[in-house]
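Take a look at the letters that make up each chain.
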Amino acid sequence: MSEPQQPDNSIRPEVKDQQTPSQIAAALQRQHPEWVSEVIEALGEATIIVPRERIAEVCEWLKTSPDHEFNFLSDVCGFDRGPEEEPRFEVNYHLFSTTKHHRLRLKVLLNEEDVHVPTVTGVWRTANWHERETYDLFGVIFDGHPDLRRILLPDDWQGHALRKDFPLRGYEPYSLT
Amino acid sequence: MSAVANIPPQFEIVDRPLDTQMTISMGPQHPSTHGVLRLELVLDGEMVVKATPDIGYLHTGMEKLFEYRKYQQGIVITDRMDYLNPLGNNLAYVMAVEKLLQIEIPERAQTIRVMMCELQRIASHLVWLGTHALDIGAMTVFFYTFREREKIMNLIEAASGGRLTPSYFRVGGLMMDLPAGFERRVQQFQNDFPKAVDEFHTLVTGNRIFQKRTQGVGYISAEDAIDWGLSGPILRGSGVELDVRRANPYTSYETYDFEIPVEHDGDVWARYLVRMREMRESHKIVQQAVSRLKPGPVKADAPKVVLPDREAMKTHMDALIHHFLLVAEGVDVPPGEVYHPIEASKGELGVYIKSTGGPKPARVHFRGPSFVNLSALPHMSRGCMVADIVAIIGSLDIVLGEIDR
């Protein structure tokens, strides 16, 4: 067995041909300024806030662009800022590149009256279940989704459980019978 | 119209002699669905036309619970998600919180984390091997794998006090240091384990029935696997060399010498070979970690985050105050959001935490690898036989606790 090297305590070392989150954000802003509402950089991660109706286009571009190759959608998750906030909902898309190993977060902000987002199932098929989960728990409607049904909760469930105004124990005891 | 008025239309019995398709429900109490998973199978004779997973039977609202608990209390919830790999869940969660707090943990704690996580990965793969072979019809393997797993469970129990729910990793380090003589016990396991893997190979790999049941079954190509977001051994079984431990290293994994096993066939057999080789790689990493263990602190020097030493608490005023505040009020985490991915035994386990300040998170989301891997089941199972479904589910290595959360 080889002599163990001295452990390096850095959490995120540099990998070759990997772009830093800020480089990706800058490239997107330079080439398509209309797609970027805001760039937030914190804790070594970049978040790009994208206009709602553009999200599928942005994802398609990031997936096919040879500089980025975000061919892997890690995760989609929603967030409810609270009933009194405006915009109220956030949808986060966590992108990853299997060739370049960099990551990026896209964010879409939604008002409570109009919780519609274009689906990204056409870009990555894995978005199917993630979007169903976000619909189930937050009530965000993904336009164009092929099969937008509840996934974790029963079909006849009332309300969306991860919204901040949904009580922890539900409105009433739930029974399957 | 049915004779009984209140039968829903989809359950009406209609006699159509030329229509050979049949819809049957597999589960939720089927033993080979590894928990409470229901599959809606559309069959044409013995052939599967369509398989639709129906999940949610174990949904316990864990992500909602996190929002009502302090950060430290969240650790015990993570144990109950992927209950075969609880230390991996602990690691992903505490590392995400550590990233929000921007604290560094000491070297010894990192080494112990690596060692325990790799032992847990072996344990998780052993359960997979036992149940996968059991599903296919080889019952003996189960007893051999659980014999080895028991040794790892005893090690985890010795370190943390819990077998299935260790909660051993805490924000800023570990719950406590390893007990005396732990290295010797790990070494004992390390000495025996390669022989055990040889034993599994003798039992399973050369078995002609096992090969016939797995080769060419549940094929998925590399492009499709990436498109479906598959990760872990399934993605590597399709020929994609990707491991989060290498791609985005954490806990000093970049300093360990190990290989990423890759197979190119993309079927159940390839996933079997990948996991079998992964056990040997994990064994290698544990060996390196044991040789690196040097005395030192296992908790970060961050009094506002980490509980003080028991002895210090009894003699020092400030330690007592910190202890009281930590338990009563919790950790004040600055606002921000992080996504921290790790390589769990089943694939990429990502934790998204959104903090708006204060002791409780605003949102915790788990990207469970089993959840995503299961979503590709309809794609993998088109045109296979009913019995192959059982082999494919076994090769996906799903844990319903993580899928339903």
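Look above for the structure.
Bear in mind that the values here come from a model prediction, so they are computed numbers and not experimental data. (Residues numbered from 1 in each chain as written. Chains lettered and ligands numbered in written order. Predicted model: local features only at pLDDT ≥ 70, side-chain atom pairs only at ≥ 80, totals over all residues.)

Focus on the sheet that holds strand E2 (residues 45-49) of chain A
Residue and element names in this part refer to chain A. Taking strand neighbours across the sheet as the criterion, the five strands line up as E1-E2-E5-E4-E3 in an open arrangement whose pairing is mixed. Since the sheet does not close on itself, it has two edges, and those belong to strand E1 (38-42) and strand E3 (72-80), each with one partner. With strand direction ignored, the average angle separating the axes of adjacent strands in the sheet is 20°. Across five bridges, the pairing between E1 and E2 is antiparallel. Pairing of Val-39 across the sheet is with Ile-48, part of E2. Across the sheet, helix H3 (residues 127-138) lies against E3 and strand E4 (89-96), angled at about 5° from E3, the strand it touches most. (Pairing = 2+ DSSP bridges. Helix = DSSP H or I, 4+ residues; strand = E, 2+ residues; numbered from the N terminus. Axes fitted to C-alpha atoms, helices over the stretch in contact; angles between N-to-C directions. Contact = placed C-beta atoms within 7 Å.)

Comments concerning the interface of chain B and chain A
On the chain A side, the residues contacting the 45 residues of chain B number 36 residues. For the side of chain B that touches chain A, the per-class residue count stands at 16 nonpolar, 15 polar and 14 charged. (Nonpolar A, V, L, I, M, F, W, Y, C, P; charged D, E, K, R; others polar.)

A closer look at the packing of helix H2 (residues 71-79) of chain B against helix H3 (residues 86-101) of chain B
All names here are of chain B. Contact geometry of H2 with H3 gives a least axis separation of 8 Å together with a crossing angle of 155°. Regarding the angle of H2 to H3, the classification is roughly antiparallel. In this structure, H2 meets H3 at a crossing whose hand is right-handed. Where H2 approaches H3, its residues Tyr-71, Gly-74, Ile-75, Thr-78 and Asp-79 are matched on the opposing element by Pro-86, Asn-89, Asn-90, Tyr-93, Val-94 and Val-97. Per-class residue counts for the contact of H2 with H3 are six nonpolar, four polar and one charged. (Parallel < 35°, antiparallel > 145°, perpendicular 65-115°, else oblique. Left-handed = near helix turned anticlockwise from the far one by under 90°.)

A look at the sheet that holds strand E2 (residues 38-44) of chain B
Each strand in a sheet pairs with its neighbour through backbone hydrogen bonds, running either in the same direction (parallel) or in the opposite one (antiparallel). Residues and elements named next belong to chain B. With respect to topology, three strands assemble into an open sheet ordered E1-E2-E3, the strand pairing being antiparallel. Of all strands in the sheet, those with a lone pairing partner are strand E1 (21-26) and strand E3 (47-54), marking the two edges. Pairwise comparison of adjacent strand axes, ignoring direction, gives a mean angle of 20° for this sheet. Two elements, E2 and E3, share seven bridges in a ladder whose sense is antiparallel. Considered in E3, the bridge of Leu-39 is made with Pro-53.

Section: the environment of Pro-53 of chain B
Residues and elements named next belong to chain B. Structurally, the position occupied by Pro-53 is in strand E3. Using a count of 23 C-beta atoms within 10 Å as the deciding quantity, one classes Pro-53 as buried. Counting along the chain gives 267 residues from Pro-53 to Leu-320, while the straight-line C-alpha distance between them is 52 Å. The contact partners of Pro-53, leaving out residues within four places of it in the chain, are Leu-37, Leu-39, Leu-374 and Leu-377. (Buried ≥ 20, exposed ≤ 12 C-beta atoms within 10 Å, placed from the backbone.)

Comments concerning the pairing of strand E6 (residues 336-344) of chain B
Residue and element names in this part refer to chain B. Across the nine residues of E6, eight count as buried, placing the element largely inside the fold. For E6 and strand E7 (residues 347-355), the ladder comprises nine bridges, and the chain directions are antiparallel. Within E7, the position partnered with Val-338 by the bridge is Ile-353. Linking E6 to E7, which pair antiparallel, is a turn of two residues.

Comments concerning helix H1 (residues 21-31) of chain A
Residues and elements named next belong to chain A. Residues Pro-21, Ile-24, Ala-25 and Leu-28 constitute the buried set of H1. Seen along its axis, H1 keeps its buried residues to an arc of 95°; they face one direction. Relative to its buried face, H1 has exposed residues pointing more than 90 degrees away, namely Arg-30 and Gln-31. Residues of H1 that are buried sit in contact with E1, E2 and strand E5 (103-110). (Arc of directions from axis to C-beta.)

Structural notes on the packing of helix H4 (residues 107-136) of chain B against helix H11 (residues 268-292) of chain B
All names here are of chain B. Two numbers describe how H4 lies on H11: the axes approach to 9 Å, and their chain directions differ by 155°. On the basis of their axis angle, the class for H4 and H11 is roughly antiparallel. As H4 packs across H11, the resulting crossing turns out to be left-handed. Mapping the contact onto sequence places Thr-111, Val-114, Met-115, Glu-118, Leu-119, Arg-121, Ile-122, His-125 and Trp-128 in H4 and Arg-275, Glu-278, Met-279, Ser-282, His-283, Ile-285, Val-286, Ala-289, Val-290 and Arg-292 in H11. Classifying every residue of the contact of H4 with H11 gives 10 nonpolar, four polar and five charged.

Some points on H3 of chain A
Residues and elements named next belong to chain A. An ideal rise of 1.5 Å per residue puts 16 Å on 12 residues; H3 measures up with 16 Å between its terminal C-alpha atoms. Buried residues dominate H3, accounting for 12 of its 12 residues. Within H3, the full set of buried residues consists of Ala-127, Asn-128, Trp-129, His-130, Glu-131, Arg-132, Glu-133, Thr-134, Tyr-135, Asp-136, Leu-137 and Phe-138. Gly-139 lies just past H3 and shows a positive phi near 80°. (Expected span 1.5 Å × (residues − 1).)

Considering the nonpolar core
If you look at the biggest cluster of nonpolar residues, it comprises 147 residues, and the most contacted ones within it are Ile-55 of chain A together with Ala-96, Val-97 and Ile-392 of chain B. By residue number, the principal contributor to this core is H4 of chain B, which donates 15 residues. Mapping this core onto the domain boundaries places at least three of its residues in each of domain 1 (9-54) and domain 2 (72-328 + 369-404) of chain B. Not counting the four nearest positions on each side in its chain, Ile-392 of chain B is found in contact with Val-217, Gly-218, Val-268, Leu-377, Met-380 and Ser-381 of chain B. (Core = buried A, V, L, I, M, F, W, Y, C linked by C-beta atoms within 7 Å. Domains from an automatic or database assignment.)

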